[in-house]
Amino acid sequence: MYLIFMSLHLQFTIVLLSTFVVIILCSGILTNSQIIALGDVPDFSIAAVGDWGCNPNTAKTIAEIVNSGPSLVIGLGDNSYELTGDCWLNMIQPISKIIHTAFGNHDASPDLVNQYLKYFKLVRTFYSFNFKNTHFVTIDTNAPLDINSEQYKFVKNDLEKASSNKSIGWIIPFFHIPAYTTPSGERILSLFPTEPFAVTSYDLLRNTYQPLFDKYRINIVLQAHAHNYQRSYPILFNQSSPSNPIITNKDSNSYHSPKGEIFLTVGTGGRSLHQFLVNKQTYVITEEDTKHGFLSLKFTNNGTSVRGTFYPNESINAEDNFTIEK
């Protein structure tokens, strides 16, 4: 059997065995549809965080990520907080070959968009890629989100295609503006002036895309913007009351093939933290607003299990743990 594998930015070695091909991947910037696991999936880990900035806290977060040795880093947007991305791009040099980024509201200026598109070798701000047996798709929360938008059509088609690929065990959407959050900080609280919540980009994102997440049996969603850490229970979209999702499992940290998505907010990359100003939302199981750090997702058991851990900077103790098994 022979396999033709096209790659623009990644070097690889092909080892031919009697009836199948194993692809051994080396270093390089990852792009769309480059990595699909065949056969056994070795253990691997992913680090995820957003709202970085360019300060000593940012440096500590990056150092902690490097020390954890991830195979892939997912940036959740709001990178430099400056007119250019130079300071942040310089700081992430130790992980520059393994990082993908979402685009946050502080990344939305034309100059920043063009700089990041060029640096990450992207053609647009919403895109997808495969890594091992996991498919990632990022949504640009600065761009049109409605069902008639180019972005929605792309995400819908992308999820449909990925869900039908038997080599894909996990699909993980990631974006900046959160679909669900406990309000925190004056800026975020202002988006929720009354109950029920006013119609905002939060609502549009949730109401438009979570039904797709439910349809394609997604379990993990990564988001940021709130400068804190939050983890939801597994939740499904509630058509009759969208701001009150359906909690499908109230276990604290162990899930087996759960229905619905665990939404993880990881806006703890380095910028000043947002303290929670209201009580924890009913669908949120845990939250932390005093520590910078990052989320680790470690995949084991031939890619069928994932252990999520929030690691605060300069701490030997994990702040939060959960597991999902398929």
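Residues numbered from 1 in each chain as written. Predicted model: local features only at pLDDT ≥ 70, side-chain atom pairs only at ≥ 80, totals over all residues. Heavy atoms only, no water.

1. Observations concerning the packing of aromatic side chains
Each aromatic ring pair is summarised here by two numbers: the centre-to-centre distance and the angle between the ring planes. Using the criterion set out here, one finds 17 aromatic pairs in the structure. Between tryptophan 88 and tyrosine 116, the ring centres sit 5.8 Å apart and the planes meet at 90°, which makes this aromatic pair edge-to-face. Remark: tyrosine 116 occurs in helix α3 (residues 110-119) and tryptophan 88 occurs in helix α2 (residues 86-91); sequence separation between them is 28 residues. On the basis of relative accessible area, tryptophan 88 is assigned to the buried category, the value being 0%. (Phe/Tyr/Trp six-rings, centres within 6.5 Å; stacked < 30°, edge-to-face > 60°. Helix = DSSP H or I, 4+ residues; strand = E, 2+ residues; numbered from the N terminus. Buried < 20%, exposed > 50% of the residue type's maximum accessible area, 1.4 Å probe, protein only.)

2. Focus: the side chain of glutamate 261
On the secondary structure map, glutamate 261 appears in the loop between β13 (254-256) and β14 (262-266). Here glutamate 261 occupies a buried position and makes no salt bridge, while the nearest side chain of opposite charge, arginine 217, is found at 9.3 Å. A polar contact is formed between the side chain of glutamate 261 and the side chain of glutamine 210, at a distance of 2.9 Å. Here the side chain of glutamate 261 touches aspartate 214 through a polar contact of 3.3 Å, landing on its backbone nitrogen. With sequence-adjacent residues up to four places away left out, glutamate 261 is seen in contact with Gln210, Phe213, Asp214, Ile218, Asn219, Val221, Ser232, Tyr233, Pro234 and Ile235. (Lys, Arg positive; Asp, Glu negative; His and termini not counted. Salt bridge = Lys/Arg side-chain N within 4 Å of Asp/Glu carboxyl O. Polar contact = N/O pair within 3.5 Å; in protein donor to acceptor, adjacent residues only side chain to side chain. Contact = heavy atoms within 4.5 Å.)

3. Notes on the pairing of strand β18 (residues 320-325)
A one-sided burial pattern is seen for β18, the buried positions being Asp320, Phe322 and Ile324 and the unburied ones Asn321, Thr323 and Glu325. Here strand β17 (residues 305-312) runs beside β18; their pairing, made up of 6 bridges, is antiparallel. From the neighbouring strand, glycine 308 faces β18, where its bridge partner is phenylalanine 322. (Pairing = 2+ DSSP bridges.)

4. With respect to empty space enclosed by the protein
Summed over the entire model, instances satisfying the criterion amount to 2 cavities of 30 Å³ or more. Here the second largest cavity is characterised by a volume of approximately 40 Å³. Every residue along the wall of the second largest cavity is listed here: Tyr180, Thr181, Gln223, Gln230, Arg231, Ser232, Phe263, Thr265, Tyr283 and Val284. Contributing elements (two or more residues each) for the lining of the second largest cavity: β10 (229-232) and β14. Element by element, the count of residues in the lining of the second largest cavity is highest for β10, at 3 residues. A per-class count over the lining of the second largest cavity returns 4 nonpolar, 5 polar and 1 charged. (1 Å grid on protein atoms, 1.4 Å probe; cavity = no way out; pocket = protein on both sides within 12 Å on 5 of 7 lines; lining within 4 Å. Points joined across faces, edges and corners; volume = space filled by probe spheres on them. Nonpolar A, V, L, I, M, F, W, Y, C, P; charged D, E, K, R; others polar.)

5. Description of the environment of aspartate 140
Structurally, the position occupied by aspartate 140 is in the loop between β7 (134-138) and α4 (150-163). For aspartate 140, a relative accessible area of 5% corresponds to the buried category. Residues aspartate 140 and phenylalanine 103, 37 residues apart in the sequence, show an inter-C-alpha distance of 5.8 Å. Each residue touching aspartate 140, except ones within four places of it in the same chain, is listed here: Phe103, Thr125, Phe126, Leu145 and Gln151. Among the polar contacts listed, one links the side chain of aspartate 140 to the side chain of threonine 125, at a separation of 2.6 Å.

6. Describing unusual backbone geometry
The residue aspartate 78 is not glycine, and still its phi comes out positive at about 60°. Given the relative accessible area of 0%, aspartate 78 is considered buried. We note that lysine 121 has phi near 55°; this positive angle belongs to a residue other than glycine. Structurally, the position occupied by lysine 121 is in the loop between α3 and β6 (127-131). The class for lysine 121 is partly exposed, based on a relative accessible area of 42%.

7. With respect to the nonpolar core
Counting residues in each nonpolar core, the largest one holds 78 residues, and the members touching the most others are Ile74 and Leu222. Leaving out residues up to four positions away in the same chain, isoleucine 74 has contacts with Ile46, Ala47, Ala48, Val49, His100, Phe129, Phe136, Phe174 and Leu222. (Core = buried A, V, L, I, M, F, W, Y, C linked by side-chain atoms within 4.5 Å.)

8. Examining the side chain of threonine 101
Within the secondary structure, threonine 101 sits in strand β5 (residues 99-101). Contacts of threonine 101, omitting those with residues within four sequence positions, involve Gly75, Gly77, Asn79, Trp88, Phe120, Tyr127 and Phe174.

9. Observations regarding the pattern of salt bridges
Summed over all chains, the structure comprises 5 salt bridges. The salt bridge partner of glutamate 314 is lysine 60, with a shortest N-O separation of 3.5 Å. Note that glutamate 314 is positioned in the loop between β17 and β18 and lysine 60 in helix α1 (residues 56-68), a separation of 254 residues in sequence. The partner of arginine 231 in a salt bridge is aspartate 320, with the nearest N and O atoms 2.8 Å apart. Pair noted here: arginine 231 is in strand β10 and aspartate 320 is in strand β18, with a separation of 89 residues, a long-range link. Accessibility classification places arginine 231 together with aspartate 320 in one group, the buried group.

Function-wise, these values are silent; they only describe arrangement.
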